[in-house]
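Chains, contacts and geometry: an overview
Letter by letter, the chains look like this.
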Amino acid sequence: SGQGVPVPLTCRSAAAENHRRMQNVDYVECQASSWALAADGLIQLLTQRGVGQGQVLGVDAHSSHNGEGGAAVFCAHYSMLLPSLGILNLRYMRFEEVVEDEHNWATISKRATSKLSIKRAISVTASSSIDQEVVLCCFYYSRGTEKQALQEVSEVVAPAWKDAAERLITMVEAAGLCNGQVQWIDAYWLPFMKGSVALSAYFCRSLHGNGPLRLSYSLRTGGSW
């Protein structure tokens, strides 16, 4: 996520199932003139490829100002090796607001996780948008899958991506989580952060866990997205 800043960052657990999740991974990307059009287009692309429930690894929002047809971009990674639990039934909630400081951002983030309630979330992803606006989009399965308890989130803001990743890993590993309970880690930069970057880990303690959580990461910066 972010404002045209290519920062692919993958966090993965040491569990065998999560290793399987990282095999044969493919992606689709949709760029449009608005976040709603980009989200709708992404869901259509996933459906056209026959992706089912349980096969989407995550969705990321990032903005692009390269003149190639729009500023709003969503990218979804998925693996057809994972078992399909039925028709995709992917939906989303979108929040677009002016964010001037940390308080505004915390309010939007809290509202988003509250509205997710017991929905089976896939990703909660943020990006800068036009001027001081920020978009926060929550993707979830609308039906046909097991519900879960309320989402929790841990956020780290740091001067550099490496610092943020190491601090976030320390934080979530100390939270007593298990492998399989961290659902998504989002990387983003927002205008009010004034040069700092952020990572947020979204997790749910009611999900089945498999041993103590152990995370590592890979990081690439620079170049085109």
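Residues numbered from 1 in each chain as written. Predicted model: local features only at pLDDT ≥ 70, side-chain atom pairs only at ≥ 80, totals over all residues. Heavy atoms only, no water.

Of all seven residues that make up strand 10 (residues 197-203), seven are buried, and the element is covered over most of its length. Neither face of strand 10 is exposed, since Val197, Leu199, Ala201 and Phe203 on one face and Ala198, Ser200 and Tyr202 on the opposite face are all buried. Where strand 9 (residues 182-188) and strand 10 come together, six bridges link them in antiparallel fashion. Residue Trp184 lies in a different strand from strand 10, and its bridge partner there is Tyr202. (Buried < 20%, exposed > 50% of the residue type's maximum accessible area, 1.4 Å probe, protein only. Helix = DSSP H or I, 4+ residues; strand = E, 2+ residues; numbered from the N terminus. Pairing = 2+ DSSP bridges.)

So, on to helix 3 (residues 102-116). With 15 residues, helix 3 extends 21 Å between its outermost C-alpha atoms, agreeing within 8% with the 21 Å of an ideal straight helix rising 1.5 Å per residue. Among all positions of helix 3, only Trp105, Ile108, Ser109, Ala112, Thr113 and Leu116 are buried. Projection of helix 3 onto a plane perpendicular to its axis shows the buried side chains occupying an angular sector of 130°, all on one side. Along helix 3, exposed side chains directed more than 90 degrees from the buried face belong to His103 and Lys110. On its buried side, helix 3 packs onto strand 5 (90-98), strand 6 (120-128), strand 7 (133-141), strand 8 (152-158), strand 9 and strand 10. For helix 3, the N-terminal capping position is held by Asp101, with its side-chain oxygen 3.2 Å away from the main-chain nitrogen of His103. Phi for Ser117, located one or two positions after helix 3, is positive at around 50°. (Expected span 1.5 Å × (residues − 1). Arc of directions from axis to C-beta. Contact = heavy atoms within 4.5 Å. Polar contact = N/O pair within 3.5 Å; in protein donor to acceptor, adjacent residues only side chain to side chain.)

This next bit is on the side chain of Asn89. Here Asn89 is to be found in the loop between strand 4 (72-79) and strand 5. Assessed through its relative accessible area of 14%, Asn89 is described here as buried.

With 24 residues, the main nonpolar core has Leu42, Leu46, Val56 and Phe74 as its most contacted residues. It is helix 2 (residues 35-48) that contributes the most residues to this core, six residues altogether. What Leu46 contacts, discounting residues up to four positions off in sequence, is Val28, Val51, Val56, Ala76, Tyr78, Leu88 and Leu90. Formed by 21 residues, the second largest nonpolar core is a distinct cluster that contains Phe95, Val99, Trp105 and Leu116. (Core = buried A, V, L, I, M, F, W, Y, C linked by side-chain atoms within 4.5 Å.)

Glancing now at the environment of Ala175. For Ala175, the position within the fold is in the loop between helix 4 (161-173) and strand 9. Under the relative-accessibility criterion, Ala175 is labelled partly exposed at 26%. Taking C-alpha positions, Ala175 is 9.2 Å from Leu213, a pair spaced 38 residues apart along the chain.

Let us now look at helix 2. The first and last C-alpha atoms of helix 2 sit 20 Å apart over 14 residues, in line with the 20 Å expected at 1.5 Å per residue. Within helix 2 the residues assigned to the buried category are Trp35, Ala38, Ala39, Gly41, Leu42, Ile43 and Leu46. Directly beyond the C-terminal end of helix 2, a positive phi value near 80° is found at Gly50.

Moving on, we get to the confidence of the model for the chain. Of the residues in the chain, 83% reach a pLDDT of 70 or more, and the chain-wide mean stands at 84. For the chain, the element scoring lowest by mean pLDDT is strand 1 (residues 9-13), at 43; helix 2 scores highest, at 96. (pLDDT = per-residue confidence, 0-100.)

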